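A closer look at the structure
Letter by letter, the chains look like this.
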Amino acid sequence: MNEQLRNYVAQHREEIEEALRRWLPVSSQPGAQRLNEALGYALFPGGKRLRPVFALLASRLAGATREQAMLVACAVEFIHTSSLILDDLPSMDDAGLRRNREALHLVYGEGLAVLAAVALLNQAYALLTRTARGCRRADAVELLLKETARSIGADGMVGGQVVDLELRAGGADMEAVASRDLKTVALMRLMMTAGALACDAAAADTSALARFGECVGRAYQICDDLLDGFGVAAEMGKPARQDARHLRLNSVGALGIEGAHRLAVSLVEDGIDRLEERFGARPEVRLLGECARLVLNRVEQLEPLAPAYAFAHPL
């Protein structure tokens, strides 16, 4: 992380945490204290908060107000955390570790974990509605909620997770792997475009942001596949070798270690190029580029890549 990005994250970290606590969907109902505790456990602490940072930068680049940008950042983090809670369940990935702590369902039970995930997802829709409500375009709320439903639904995160559950090493190809990657790509696209849709940005601006999100989302999932195969659970904050344990094909299995890494690098370059073509050398573009490079940097120390990475990394 370069100094500019480090300073930006440090400058906004407290504001992000404060906003997440402010908008956390805590219940006022008698007997719901454990739900509120579960929500706090799932959200805090939350690591680097890279997704909210992406959302803040993208929203401001598109012309959203500071308040709109922060609402999008909170909504994105709620959706992301909701997906992690569900992904860890025994009926899904059956993972016992998340953010270097026991997975939520192991601490609070499966039923409460599911309800916490639903509460976070519902709150995300409420925050995005609030974000677009002041837009001069009459149908802004409808457009943003429609895109959110598409990103989360059967042709987005849900669809990608379904494919992930169904993939098996002997019966899938790169097309299926790309569909599986929707579980990551769709959210990345939404976090890049929600602010633009909320403030009625130019269609070309929204398109460039969407392309960047899709590229970085796919690269992120490829790097996650590399980490799953060769990373260390204590460093990742979640179990390793999950795809091997579930006999699922991923990008590394389909393309090989170097092929997967080359594709991730190419995708990040493509996404950054698209932003620069549309927005030029604005500070937000430079910072988003650094965020995208962090996605690649997650795998630079992996033993199978480290020798070549130091000499061949084009970024």
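Residues numbered from 1 in each chain as written. Predicted model: local features only at pLDDT ≥ 70, side-chain atom pairs only at ≥ 80, totals over all residues. Heavy atoms only, no water.

Section: the environment of Gly 160
Basically, it comes down to this: Strands here are runs of E lasting at least two residues and helices are runs of H or I lasting at least four, both read from the DSSP assignment and numbered beginning at the N terminus.
Tracing the chain through its elements places Gly 160 in helix α8 (residues 157–166). A C-alpha to C-alpha distance of 8.6 Å links Gly 160 and Ala 178, two positions 18 residues apart in sequence.

What about the packing of helix α1 (residues 3–23) against helix α3 (residues 50–62)?
To describe two helices that pack against each other, one gives the angle between their axes and the distance between the axes. Rules: Every angle, taken between N-to-C directions, lies between 0 and 180 degrees, and every axis is a line fitted to C-alpha atoms, over only the stretch in contact when it is a helix. Working definition: roughly parallel below 35 degrees, roughly antiparallel above 145 degrees, roughly perpendicular at 65 to 115 degrees, and oblique for all remaining angles. The contact definition used throughout considers only heavy atoms, calling two residues in contact when any of these lie within 4.5 Å. Each residue is assigned to one class: nonpolar for Ala, Val, Leu, Ile, Met, Phe, Trp, Tyr, Cys and Pro, charged for Asp, Glu, Lys and Arg, and polar for all the others, Gly among them.
Across the interface, α1 lies against α3 with an axial gap of 11 Å and an inter-helix angle of 105°. In terms of orientation, α1 and α3 fall into the roughly perpendicular class. Residues Tyr 8, Val 9, His 12 and Ile 16 of α1 touch α3, and the partners they reach there are Pro 52, Val 53, Leu 56 and Leu 57. Tallied by class, residues from the contact of α1 with α3 come to 7 nonpolar, 1 polar and no charged.

Notes on helix α11 (residues 203–230)
Let me state the cut-off plainly: Helices are assigned an expected span. That span is 1.5 Å times one less than the residue count. Here's how the labels work: a residue is buried when its accessible area is under 20% of the maximum for its type, exposed when over 50%, partly exposed in between, all with a 1.4 Å probe on protein chains only.
The end-to-end C-alpha distance of α11, which contains 28 residues, comes to 40 Å, matching closely the 40 Å that a straight helix rising 1.5 Å per residue would cover. With 21 of 28 residues buried, α11 lies mostly within the body of the structure.

Notes on the packing of helix α4 (residues 66–87) against helix α6 (residues 110–133)
What counts is decided by this rule: Here is the rule for handedness: rotate from the far helix to the near one, and if that takes an anticlockwise turn smaller than a right angle the crossing is left-handed, while a clockwise turn gives right-handed.
It is at 8 Å that the axes of α4 and α6 come closest, and there the two elements cross at 160°. Regarding the angle of α4 to α6, the classification is roughly antiparallel. Where α4 crosses over α6, the two elements pack in a sense that is left-handed. Of the residues in α6, those touching α4 at Glu 67, Gln 68, Leu 71, Val 72, Cys 74, Ala 75, Phe 78, Ile 79, Thr 81, Ser 82, Ile 85 and Leu 86 are Ala 113, Val 114, Ala 117, Leu 120, Leu 121, Gln 123, Ala 124, Leu 127, Leu 128, Arg 130 and Thr 131. Broken down by class, the residue content of the contact of α4 with α6 amounts to 16 nonpolar, 5 polar and 2 charged.

Concerning unusual backbone geometry
The step from Phe 44 to Pro 45 runs through a cis peptide bond, and the omega angle for that step is -10°. For Pro 45, the position within the fold is in the loop between α2 (33–43) and α3. A positive phi angle is found at Asn 100, which is not glycine, with a value near 60°. Secondary-structure assignment places Asn 100 in the loop between β1 (97–98) and β2 (101–102). A relative accessible area of 47% means that Asn 100 is categorised as partly exposed. Positive phi outside glycine occurs at Asp 200, with the angle close to 55°. Examined against the element boundaries, Asp 200 turns out to sit in the loop between α10 (182–198) and α11.

Looking at the confidence of the model for the chain
Under the convention used in this document: Each residue carries a pLDDT value, the predictor's own confidence for that position, ranging from 0 to 100.
Confidence in the prediction for the chain averages 86 pLDDT; 86% of positions are at 70 or higher. A low-confidence stretch, residues 306–315 stays under pLDDT 50, and its non-local contacts, those more than four residues away or across chains, total 15 contacts.

Considering the environment of Arg 286
To keep things clear, this is the line we draw: Each polar contact in these results corresponds to two N or O atoms within 3.5 Å; when the atoms are within protein, one needs to be able to donate a hydrogen and the other to accept it, and residues that are neighboring in sequence are counted only if both atoms are side-chain atoms.
Mapped onto the elements, Arg 286 comes out in helix α16 (residues 283–297). In this structure Arg 286 comes out as partly exposed when scored by relative accessible area, which is 41%. Each C-alpha atom of the pair Arg 286 and Glu 276 lies 8.6 Å from the other, and the pair is 10 residues apart in sequence. Beyond its immediate stretch of four places on either side in the chain, Arg 286 contacts Gln 4 and Ala 281. In terms of polar contacts, Arg 286 uses its side chain to reach the backbone carbonyl oxygen of Ala 281, at 2.6 Å.

As for the packing of aromatic side chains
Keep this limit in mind: Working definition: a ring pair exists when centres of Phe, Tyr or Trp rings (six-membered ring for Trp) sit within 6.5 Å. Plane angles under 30 degrees give stacked, over 60 give edge-to-face, the rest tilted.
Counted under the stated rule, the structure contains 2 aromatic pairs. Taking 5.8 Å as the distance between ring centres and 70° as the angle between the ring planes, the aromatic pair formed by Tyr 41 and Tyr 108 counts as edge-to-face. Of this pair, Tyr 41 sits in helix α2 while Tyr 108 sits in helix α5 (residues 104–108), and the two are 67 residues apart along the sequence. Of the two residues, Tyr 41 and Tyr 108, both sit in the buried class. Note on Phe 54 and Phe 212: the rings are 6.3 Å apart at their centroids and 50° apart in plane angle, and the pair reads as tilted. Of this pair, Phe 54 sits in helix α3 while Phe 212 sits in helix α11, and the two are 158 residues apart along the sequence.

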